[in-house]
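The residues making up each chain are set out below.
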Amino acid sequence: MSNKIVKDAIALTLITMVAGLALGAVHGITKEPIAQQEAKAKAEAYEKVFKTASDFSVVEMTDELSASLRESLDTEGYKAQEIEEVMEAKDDGGNVLGYAFTVVTSEGYGGDIKFSMGVQNDGVLNGIAILSISETAGLGMNATTPEFQAQFVGKQVDKLVYTKNGASADNEIDALSGATVTTNAMTNGVNAGLCAFRVMEGGE
């Protein structure tokens, strides 16, 4: 009986080791293609939210800049939001037209929502492009529709709010029907991006 237990334990250990090695090998094989796909999706999103830009360059996320962004977001109440990446949007002559941000908000109904947004030098919001979202089909997933995203184009405000009664002011957007949580997550995420823009411009 004891020999059987030992043999079973050895067999289980070997199976676990083989499974672990197999998973590691699969991860190694798929890691690079996944990273390339994510980079491609980001590049396409940046082009969508800054159509007038000819080139994008990464802004180095130094400790000082990271701390400044985090402090500003926390101060304005966006503790559930993170600025993952900042890009300078440039024209053919290398002049900076504004910034493109990758924003992550953890307030979604189905978890994190990641999207890109572009802001011109004068503070005008070019729009948003969702990179990843896992909201409820037919409700929160409607955040991916052109109709919802179009509401963020051309806005020049410090902060957006959502309404269920029909947007009537420039700082208002219409909430998604039956998806207040998703609407709130997206609104706060965009506001966090606007906050980050002010930091990049040297303001507060």
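That block above? That's the structure.
For the structure given in this document, a descriptive report is provided here. Every value quoted in this text rests on a predicted model; they were computed, and no experiment measured them.

1. Points about the pairing of strand β5 (residues 125-132)
In step 1: With 6 of 8 residues buried, β5 lies mostly within the body of the structure.
In step 2: Pairing analysis gives 6 bridges linking strand β4 (residues 111-120) to β5, with the strands arranged antiparallel. Bridging across to β5, F115 finds its partner in I130.
In step 3: The antiparallel hairpin formed by β4 and β5 contains 4 residues in its connecting segment, where G123 sits at a positive phi of about 90 degrees.

2. As for the layout of surface pockets
In step 1: There is about 250 Å³ of room inside the largest pocket.
In step 2: If you go around the largest pocket, you meet 13 residues; those closest to its centre are K48, K51, N126, G127 and V153.
In step 3: Elements that contribute at least two residues to the lining of the largest pocket include exactly α1 (2-49), β5 and α3 (146-149).
In step 4: Among the elements that take part in the lining of the largest pocket, β5 stands out by supplying 3 residues, more than any other.

3. Some words on helix α2 (residues 63-75)
In step 1: The terminal C-alpha atoms of α2 lie 18 Å apart, and with 13 residues this matches the ideal 18 Å at 1.5 Å per residue to within 8%.
In step 2: Along α2, the positions that sit buried rather than exposed are L65, L69, S72 and L73. One side of α2 carries all its buried residues, which in axial view fall inside an arc of 100 degrees. When the buried face of α2 is taken as reference, the exposed residues oriented beyond 90 degrees from it are D63, E64, E71 and T75.
In step 3: Against the buried residues of α2 lie β2 (81-90) and α4 (180-200).
In step 4: Following α2 by one or two positions, G77 has its phi on the positive side, about 90 degrees.

4. Topic: the side chain of T187
In step 1: Note on placement: T187 falls in helix α4.
In step 2: With a relative accessible area of 2%, T187 lands in the buried category.
In step 3: Here T183 takes part through its backbone oxygen, which lies 2.8 Å from a polar atom of the side chain of T187.
In step 4: When sequence neighbours within four positions are dropped, the list of residues in contact with T187 reads L160, V161, Y162 and I173.

5. Let's talk about the packing of aromatic side chains
For any pair of aromatic rings, geometry is given as the distance between the ring centres together with the angle between the planes.
In step 1: All chains considered together, the criterion is met by 4 aromatic pairs.
In step 2: Taken together through their ring pairs, the aromatic side chains of Y99, F101 and F197 make up a single cluster.

6. Observations concerning the pattern of salt bridges
In step 1: All chains considered together, the criterion is met by 8 salt bridges.
In step 2: Note that R70 and D74 form a salt bridge whose closest N and O atoms lie 3.0 Å from each other. Taken together, the residues span about one helical turn, with R70 and D74 both in helix α2 at a distance of 4 residues.
In step 3: R70 sits in the partly exposed class, given a relative accessible area of 28%.
In step 4: In this structure D74 comes out as partly exposed when scored by relative accessible area, which is 28%.
In step 5: Between K114 and E84 there is a salt bridge whose closest N-O contact spans 3.3 Å.

7. A closer look at a nonpolar patch on the surface
In step 1: On the surface, I10, L14 and M17 cluster together into a nonpolar patch covering about 300 Å² of accessible area.
In step 2: Within the secondary structure, I10 is located in helix α1.
In step 3: According to the relative accessible area criterion, I10 is partly exposed, its value standing at 47%.

8. A closer look at the environment of T182
In step 1: With respect to the element layout, T182 can be found in helix α4.
In step 2: Overall, T182 belongs to the buried group, its relative accessible area being 2%.
In step 3: With 122 residues separating them along the chain, T182 and E60 place their C-alpha atoms 30 Å apart.
In step 4: Excluding residues that lie within four positions of it along the chain, T182 makes contacts with Y109, I113, E135, G140, A143 and L176.

Criteria and thresholds
- Residues numbered from 1 in each chain as written.
- Predicted model: local features only at pLDDT ≥ 70, side-chain atom pairs only at ≥ 80, totals over all residues.
- Heavy atoms only, no water.
- Buried < 20%, exposed > 50% of the residue type's maximum accessible area, 1.4 Å probe, protein only.
- Helix = DSSP H or I, 4+ residues; strand = E, 2+ residues; numbered from the N terminus.
- Pairing = 2+ DSSP bridges.
- 1 Å grid on protein atoms, 1.4 Å probe; cavity = no way out; pocket = protein on both sides within 12 Å on 5 of 7 lines; lining within 4 Å.
- Points joined across faces, edges and corners; volume = space filled by probe spheres on them.
- Expected span 1.5 Å × (residues − 1).
- Arc of directions from axis to C-beta.
- Contact = heavy atoms within 4.5 Å.
- Polar contact = N/O pair within 3.5 Å; in protein donor to acceptor, adjacent residues only side chain to side chain.
- Phe/Tyr/Trp six-rings, centres within 6.5 Å; stacked < 30°, edge-to-face > 60°.
- Salt bridge = Lys/Arg side-chain N within 4 Å of Asp/Glu carboxyl O.
- Patch = residues over 30% accessible without salt bridge, like charges linked within 9 Å, V, L, I, M, F, W, Y side chains within 5 Å.
- Areas by Shrake-Rupley, 256 points an atom, 1.4 Å probe, with all protein chains shown as cover.

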